[in-house]
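An overview of the molecular structure
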Amino acid sequence: MSHGVPEITLGFLTFNLSTVLMLLITAAIVFIIAVVATRNLKLKPTGMQNFFEWIMDFVRGIINSNMDWKTGGRFHILGITLIMFIAVGNLLGLPLGGVYIYGDLWWKSPTADPVVTMTLASMVMVLATYYGIRMRGAKHYFKTFIQPMPFMFPLKIIEEFANTLTLGLRLYGNIYAGEILLGLLAGLAGSGILGFIGAIVPTMAWLGFSIFIGFIQAFIFTMLTMVYISHKVSTDH
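Residues numbered from 1 in each chain as written. Predicted model: local features only at pLDDT ≥ 70, side-chain atom pairs only at ≥ 80, totals over all residues. Heavy atoms only, no water.

Per an unreviewed UniProt entry, the protein carries the name ATP synthase subunit a and comes from Ureibacillus acetophenoni. Per UniProt, the protein has the following entry under Sequence similarities (unreviewed entry): "Belongs to the ATPase A chain family." Quoted verbatim from the Function (unreviewed entry) field of the UniProt record, the comment on the protein reads "Key component of the proton channel; it plays a direct role in the translocation of protons across the membrane." (UniProt positions renumbered as here; feature names shortened; annotations may be inferred.)

Here's what the structure looks like:
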């Protein structure tokens, strides 16, 4: 049986309903975590509040490693949102390994879709450009494209596109490859009793590795976001 993706077309736009659904679920999970962690704040944090404050401190460390807090503090909420959203999105497809309904794939990691990861990367670059112009001035910002020599201008433009592509495709490639292998192992497990027995250990090992990769990729995406923003807004660049 061939597998497809559920889609809907509105005018000239085509939406992958599976991706839209998983994005909404990811956003809902992140929202619930944030609400539960902050609804009953205590001076001595415990449980979810302790976990959430650890995330805040972790992101603060990422920002401080790239720019001073006076400049980077305004990006704290952005970093927290990115690392939580991407981490949840990366892990969402792991427990079920892909669910097909009437031949269409509905349950998967939203970050296993290149449209999602490239959209996130593009949003980061647009934000970086916006804050670069806002905080340093348009004249000073665009002057950096011809420094140290005017002939560097084409290379600087290529660099902007390359950064966007690598930021998005790195996340997509890692998550998509992981889900493909999980799908192959699931197929092996469903081939018979011997296949099931043979797939148990590799599946458990790859699930553990995929969880690790999911968190690492969320960290890398957030770190590179702050690196790119720092290059745009810091006065020493």
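Having seen the structure, we can now continue with the description.
Residues annotated in UniProt with the feature "transmembrane region" (unreviewed entry) correspond here to residues 20–38, 77–103, 115–133, 180–201 and 207–229. Between the C-alpha atoms that bound residues 20–38 there is a distance of 27 Å. The span itself is 100% helix and 0% strand. (Helix = DSSP H or I, 4+ residues; strand = E, 2+ residues; numbered from the N terminus.)

To continue, consider the nonpolar core. Residues Met67, Met84, Ile86, Leu167 and Phe221 are the most contacted members of the largest nonpolar core, which totals 35 residues. Mapped by element, the contributors of at least two residues to this core are helix H1 (17–38), helix H2 (47–64), helix H4 (76–92), helix H5 (114–136), helix H7 (153–189) and helix H8 (193–233). (Core = buried A, V, L, I, M, F, W, Y, C linked by side-chain atoms within 4.5 Å. Buried < 20%, exposed > 50% of the residue type's maximum accessible area, 1.4 Å probe, protein only.)

Contact pair H5 / H7: the axes reach a minimum separation of 8 Å and the direction vectors enclose 145°. For the crossing formed where H5 meets H7, the hand is right-handed. Contacts between H5 and H7 involve Pro114, Thr117, Met118, Ala121, Ser122, Val124 and Met125 on the former and, on the latter, Asn163, Thr164, Leu165, Leu167, Gly168, Leu169, Leu171 and Tyr172. Tallied by class, the residues present in the contact of H5 with H7 amount to 10 nonpolar, 5 polar and no charged. (Axes fitted to C-alpha atoms, helices over the stretch in contact; angles between N-to-C directions. Left-handed = near helix turned anticlockwise from the far one by under 90°. Contact = heavy atoms within 4.5 Å. Nonpolar A, V, L, I, M, F, W, Y, C, P; charged D, E, K, R; others polar.)

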